[in-house]
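Topology and contacts: notes
These are the residues of each chain, in order.
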Amino acid sequence: MRARKSKDRGAKKIETAIETAIETAIETAIETINLNVYYNSNHVIKSVSLQIPENVVFAIMGPSGCGKSTLLRAFNRLIELQENARVEGDIKLYGRSVFEMNPIEVRRQIGTVFQQVNPFPHLSIYENVAMGLKLNKLVKSKDELNRTVEWALKKAALWDEVKDRLNDFASNLSGGQQQRLCIARALALKPEVLLMDEPTANLDPIATEKIEDLIYELKKEYTIIIVTHSPSQAARVADFVAFLYLGKLIEVGPVEKIFENPAENLTEKYLTGRIG
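Note that the structure is predicted; figures quoted are calculated from it, not measured.

A separate point is the packing of aromatic side chains. To describe a pair of aromatic rings, you give the distance between the ring centres and the angle between the ring planes. Across all of its chains, the model carries two aromatic pairs by this definition. Here the basic side chain of Arg86 rests over the ring of Tyr38, its NZ or CZ set 4.1 Å away from the ring centre. Between the NZ or CZ atom of Lys190 and the centre of the ring of Trp151, over which it lies, the distance is 4.6 Å.

Put into structure tokens, the structure is as follows:
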């Protein structure tokens, strides 16, 4: 009995320390306030309110069809490109409502990397990274464009592998390299937040490890929000995790607390494979 009480006290101390860390966390990058998303009459996201600190990896996990990708697309207003979608509530980027901003600017500041690897296959590696810079008129000279493309490829841990073949078609790269090229394309626009929708779902274990290592490095300068159906991936890469189920936010907190001492029965069932 004495050992059990000591263990409980230790767990309580850890939980208190974690809660204190949340309270003193650095600035909130993205906040949702009573967010609801509908596809026609289908209520997909149900009154979700959460705060995502800056410069962390924040994982949104849950079974297929629970609304993870919909929530992600709401953050940078990509959801509005679907005619039957309707959004209620608010989403703030560093305290400013994204609905008060130009959607193009929102999508530049909140970049996206999709599950389906999607470089422009008939453009060169160089042009894949350069295109967004040109379209948004973010560089003033060819030299600046060259420097930014190189910078973005280095940030995506791809430069050393492609620096001698920048004019090759992107389609000639491996799947993992293509996904890192998509990350470089997003980073070139200098976003503040990077959304990743199951970015390793279609990759082999070696390519997956490279992407996860890259995510760890990128969080030093960016807020990374990753959607995953894999609790093990969330445990490996995330600092904070949210569990979404049937469109509802069931639980959110530091990854250690959620995985070691979930407060909700549904969360425990998901983490132990009894639902999902």
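This next bit is on the packing of helix α5 (residues 142-155) against helix α7 (residues 175-187). Relative to each other, α5 and α7 sit at 130°, their axes nearing to 8 Å. What the angle tells us is that α5 and α7 run oblique. For the pair α5 and α7, the crossing hand works out as right-handed. Residues Trp151, Ala152, Leu153 and Lys155 of α5 pack against Leu181, Ala184 and Leu187 of α7. A breakdown of the residues in the contact of α5 with α7 according to their chemical character gives six nonpolar, no polar and one charged.

All right, on to the pairing of strand β8 (residues 223-228) then. Most of β8 is tucked away: six of the six residues are buried. Burial along β8 is two-sided: the face carrying Thr223, Ile225 and Val227 and the face carrying Ile224, Ile226 and Thr228 are both buried. Of the strand pairs in this sheet, strand β3 (residues 57-61) and β8 are connected by five bridges, and their pairing is parallel. Paired with Met61 across the two strands is Thr228, which belongs to β8. With five bridges connecting them, strand β7 (residues 193-197) and β8 associate as parallel partners. Bridging from a neighbouring strand, Leu195 pairs with Ile225 of β8. With respect to chirality, the unit in which β7 leads through helix α8 (residues 205-218) into the neighbouring parallel β8 is right-handed.

With respect to topology, four strands assemble into an open sheet ordered β2-β1-β4-β5, the strand pairing being antiparallel. Of all the strands in the sheet, just β2 (42-53) and β5 (96-97) have a single pairing partner and so form its edges. In the packing of helix α2 (residues 68-75) onto the sheet, the strands contacted are β1 (28-39), β2 and β4 (85-93), and the crossing angle to β1 comes to about 120°.

Right, let's talk about the layout of surface pockets for a bit. Looking at the largest pocket, its volume works out to about 570 Å³. Lining the largest pocket are 21 residues, with Arg107, Gly132, Asn136, Arg185 and Leu189 sitting closest to its centre. Of all the secondary structure elements, the ones that give two or more residues to the lining of the largest pocket are α3 (103-109), β6 (110-113), α4 (125-135) and α7.

Let us now look at the confidence of the model for the protein chain. In the predicted model, the protein chain carries a mean pLDDT of 91, and 91% of its residues have values of at least 70. Contacts from residues 1-7, a stretch scored under 50 in pLDDT, to residues over four places away or in other chains number zero contacts.

With that out of the way, let us pick up the packing of α4 against α5. Here α4 crosses α5 at 120°, and the two axes come no closer than 10 Å. Judged by the angle between their axes, α4 and α5 are oblique. For the crossing formed where α4 meets α5, the hand is right-handed. Contacts between α4 and α5 involve Tyr126, Val129, Ala130, Leu133 and Lys134 on the former and, on the latter, Lys142, Leu145, Asn146, Thr148, Val149, Ala152 and Leu153.

Attention now moves to the nonpolar core. Core analysis: the largest hydrophobic core is formed by 49 residues, its most contacted members being Leu153, Ile183 and Leu194. With six residues, the single largest contributor to this core is α7. Those residues in contact with Leu194, other than ones at most four positions away along the chain, are Gly111, Thr112, Val113, Ile183, Ala186, Leu187, Leu218, Thr223, Ile224 and Ile225. Counting 32 residues, the second-largest nonpolar core is a separate cluster that includes Val44, Val48, Ile110 and Leu195.

Attention now moves to the sheet that holds strand β10 (residues 248-254). Within the open sheet, the six strands sit side by side as β6-β7-β8-β3-β9-β10. Their pairing is mixed. The sheet is open, and its two borders are formed by β6 and β10, each paired with just one other strand. Pairwise comparison of adjacent strand axes, ignoring direction, gives a mean angle of 15° for this sheet. Relative to β6, α7 is tilted by about 170°, and along the sheet it contacts β6 and β7.

Rules of the game
Along each chain, residues carry numbers from 1 onward, in the same order as the chain's sequence is written. Local features are withheld for residues below a pLDDT of 70 in this predicted model, meaning they are given only at 70 or higher, and side-chain atom pairs are given and counted only at 80 or more; totals for whole chains, interfaces and linings count all residues. Excluding hydrogens and water, the side-chain values take into account all heavy atoms of the structure. Side-chain rings of Phe, Tyr and Trp, where Trp is taken by its six-membered ring, are said to pair if the distance between their centres is within 6.5 Å; with planes under 30 degrees apart they count as stacked, over 60 as edge-to-face, and otherwise as tilted. We call a charge positioned above a ring when the Lys NZ or Arg CZ atom is no farther than 6 Å from the ring centre and deviates by at most 35 degrees from the ring normal. Simply put, an axis is a line fit to the C-alpha atoms, just over the touching stretch for a helix, and the angle between two N-to-C directions goes from 0 to 180 degrees. Secondary structure counts use DSSP, requiring at least four H or I residues in a row for a helix and at least two E residues in a row for a strand, with both numbered from the N terminus. Here the word oblique covers every angle except those under 35 degrees (roughly parallel), over 145 (roughly antiparallel) and from 65 to 115 (roughly perpendicular). For any pair of crossing helices, the crossing counts as left-handed if the nearer helix is rotated counterclockwise from the farther one by less than a right angle, and right-handed if it is rotated clockwise. Between two residues, a contact is recorded if the distance between any of their heavy atoms is within 4.5 Å. Classes in brief: Ala, Val, Leu, Ile, Met, Phe, Trp, Tyr, Cys and Pro nonpolar; Asp, Glu, Lys and Arg charged; the others, Gly included, polar. Think of it in three bands: with a 1.4 Å probe and only protein chains considered, a residue is buried below 20% of the maximum accessible area for its type, exposed above 50%, and partly exposed in between. The pairing criterion is simple: DSSP has to find at least two bridges between the two strands. Whether a crossover is right-handed comes down to one check: with the strands pointing away from the viewer, does the path from the first strand over the helix to the second run clockwise; if it does, it is right-handed. Cavities and pockets were defined on a 1 Å grid built from protein atoms only: a cavity is a group of points that admits a 1.4 Å probe but offers it no way out, a pocket is an open group of points flanked by protein on both sides within 12 Å along at least five of seven lines, and a lining residue is one with an atom within 4 Å of any such point. Grid points are joined across faces, edges and corners, and a volume is the space filled by probe spheres set on the points. The pLDDT value expresses, per residue, how confident the predictor is, ranging between 0 and 100. Take the buried Ala, Val, Leu, Ile, Met, Phe, Trp, Tyr and Cys residues and link them wherever side-chain atoms come within 4.5 Å; each set so joined is a nonpolar core.

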